[in-house]
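Okay, here's what each chain looks like letter by letter:
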Amino acid sequence: MNWLLPECIADELPHDAARIERLRRTVLDLFRVHAYEHVIPPTLEYLDSLLTGSGSDLKLQTFKLVDQLSGRTLGLRADMTPQAARIDAHLLNNRRGVTRLCYCGSVLHTLPASLTASREPIQLGAELYGYAGIEADIEVIRLMARALEAAGTPASRIDISHAGVFRALVNAAALDDEIVTEVLQFLQTKDVPGLMECCAGVAEPYRSALLRLPELYGGPELLAAARTVLPALPEVALALDTMRALQESLPDLPLSFDLADLRGYNYHNGIVFSAYFPGFPGAIARGGRYDGVGKAFGRARPATGFSMDLREIARLSGKDGAKRGILAPYAAADAGLAARVAQLRADGEIVVELLPGESQSEGPLCDRRLAERGGQWIIRQLTGTD
């Protein structure tokens, strides 16, 4: 059956493709008025470039192939964020101040991220480079919230975490990389029995602190509670102070806190955030700070940003916004009709020009028709008798 597609890969038919395109334009236009400049990175690059700065998180998700020209290994991008960092660090290195970039394009995953996910998400995101202060994190979190609202999927909850808390604990406990990886896995799944077994040999007070992390989630009161149960390490205090400042600066957003949310720990090194939508089991947008990733491309810069899967957003969005079309007779033999059709299309109307023998449109839905009255082509509403 040659027409079958690979698992978790799908076509988007006209109605859904139109919805995705409308949302793409809406959100990119929102980014534009906030001064985020659009870039279009290539779909494939040399593998070492695609994986630079991403730790091990993207290695298993990246399709690999051999370049027939150079003999080097290429990768099909699984995430556009490292590409944006490369552009800022290498191609836009004449810019010394803040650079704001945005992007939208397909990425490919070797495995779906969840049971319902596509292996070809359409990643849409925004990144801010060159500013280390918390004001940059505030800007991108607020921009994410506005983008989700504009798309018709406003966030019901935005979870905030900070990679510095976990990093300070494992560094103080002098844990090796293998143990850190295991602890991360148990924390991500909130597997407390597994976490207890894994931390059996960890020295106090760090063992108790790691075991408390799965319980440290909730509203602003969590931050005060965390200070009483976590060791008084300077890095922990700084991370909690940063999260408190975020909460005070974004009182209109539904912020909550989850200190065990360490997604992208090998990539992020500061504030991490995830947005959720009612009825959907996972995050619909994710982001965080990843300072210094551009170092491998020649310039280390502070960086923060977020991204979302436009396919998923379009599926969840209640917004349709599909414009109905206008039926018109075949216009080739009537100069007046042809001129009227051309003017309507110039004005942004969808006009379906029926071919000879065609009685109705099998494409765009139409709610109006061009009809001749007294030598003029006028628009009238379609009725049940048409």
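Up top is the structure.
In this report, we go over the structure that sits alongside the text.

Definitions and limits used
- Residues numbered from 1 in each chain as written.
- Predicted model: local features only at pLDDT ≥ 70, side-chain atom pairs only at ≥ 80, totals over all residues.
- Heavy atoms only, no water.
- Pairing = 2+ DSSP bridges.
- Helix = DSSP H or I, 4+ residues; strand = E, 2+ residues; numbered from the N terminus.
- Buried < 20%, exposed > 50% of the residue type's maximum accessible area, 1.4 Å probe, protein only.
- Axes fitted to C-alpha atoms, helices over the stretch in contact; angles between N-to-C directions.
- Parallel < 35°, antiparallel > 145°, perpendicular 65-115°, else oblique.
- Left-handed = near helix turned anticlockwise from the far one by under 90°.
- Contact = heavy atoms within 4.5 Å.
- Nonpolar A, V, L, I, M, F, W, Y, C, P; charged D, E, K, R; others polar.
- Phe/Tyr/Trp six-rings, centres within 6.5 Å; stacked < 30°, edge-to-face > 60°.
- Lys NZ or Arg CZ within 6 Å of the ring centre and 35° of its normal.

1. Re the pairing of strand 15 (residues 366-373)
With three bridges joining them, strand 13 (residues 325-328) and strand 15 adopt parallel strand pairing. When the sheet's bridge partners are listed, Ile326 is paired in strand 15 with Arg368. Where strand 15 lies against strand 16 (residues 376-381), six bridges are found, and the strand directions are antiparallel. Within strand 16, the residue paired with Ala371 across the bridge is Ile378. Here strand 15 hands over to strand 16 after two residues, with Gly374 in that stretch at a positive phi of 60°.

2. Description of unusual backbone geometry
Note the cis peptide between Glu204 and Pro205, where omega equals 5°. Tracing the sequence through the fold places Pro205 in the loop between helix 7 (192-198) and helix 8 (206-212). The backbone of Cys8 shows a phi angle near 65°, a positive value even though the residue is not glycine. Considering the arrangement of structural elements, one finds Cys8 in the segment before helix 1 (14-33). With a relative accessible area of 33%, Cys8 lands in the partly exposed category. One non-glycine residue, Ala35, adopts positive backbone phi at about 75°.

3. Digging into the packing of helix 4 (residues 134-150) against helix 10 (residues 234-249)
Contact geometry of helix 4 with helix 10 gives a least axis separation of 10 Å together with a crossing angle of 50°. Taken together, helix 4 and helix 10 sit at an angle that is classed as oblique. Regarding helix 4 and helix 10, the two cross each other, and that crossing is right-handed. Contact with helix 4, carried on its side by Ile134, Asp137, Ile138, Ile141 and Arg142, involves Thr242, Ala245, Leu246 and Ser249 of helix 10 and no other residues of that element. Here the residues of the contact of helix 4 with helix 10 are counted per class, giving five nonpolar, two polar and two charged.

4. Examining the packing of helix 9 (residues 221-229) against helix 10
Their axes nearest at 10 Å, the elements helix 9 and helix 10 cross at an angle of 170°. The angle between helix 9 and helix 10 places the two elements in the roughly antiparallel class. The residues of helix 10 that touch helix 9, namely those facing Leu223, Ala224, Ala226 and Arg227, are Ala237, Leu240, Asp241, Met243 and Arg244. Residues belonging to the contact of helix 9 with helix 10 are distributed by class as follows: six nonpolar, no polar and three charged.

5. Focus: the sheet that holds strand 14 (residues 351-353)
An order of 14-13-15-16 is seen for the four strands of this open sheet, with the pairing classed as mixed. Bordering the open sheet on either side are strand 14 and strand 16, each of which pairs with just one other strand. Here the strands of the sheet are splayed against their neighbours by 30° on average, with no regard to which way each runs. Across the sheet, helix 12 (residues 335-346) is in contact with strand 13, strand 14, strand 15 and strand 16; its angle to strand 16 comes to roughly 50°.

6. So, the packing of aromatic side chains
Under the defined criterion, the tally for this structure stands at four aromatic pairs. Plain terms: the ring middles of Tyr129 and Tyr290 are 6.3 Å apart, the flat faces sit at 90° to each other, and that makes the pair edge-to-face. Of this pair, Tyr129 sits in strand 6 (residues 122-129) while Tyr290 sits in the loop between strand 11 (283-289) and strand 12 (303-309), and the two are 161 residues apart along the sequence. Classification of Tyr290 as buried rests on a relative accessible area of 2%. Taking the centre distance of 5.2 Å and the plane angle of 15° together, the rings of Tyr267 and Tyr290 count as stacked. On the criterion of sequence distance, the pair formed by Tyr267 in the loop between strand 9 (255-258) and strand 10 (271-276) and Tyr290 in the loop between strand 11 and strand 12 is long-range, its members being 23 residues apart. With relative accessibility at 12%, the residue Tyr267 sits in the buried group. Within the aromatic cluster, the residues linked to one another by ring pairs are Phe31, Tyr36 and Phe306. Cation over ring: Arg72 sits above Tyr46, and NZ or CZ is 3.7 Å from the ring centre. The side chain of Arg157 reaches across the aromatic face of Tyr276, ending 4.2 Å from its centre.

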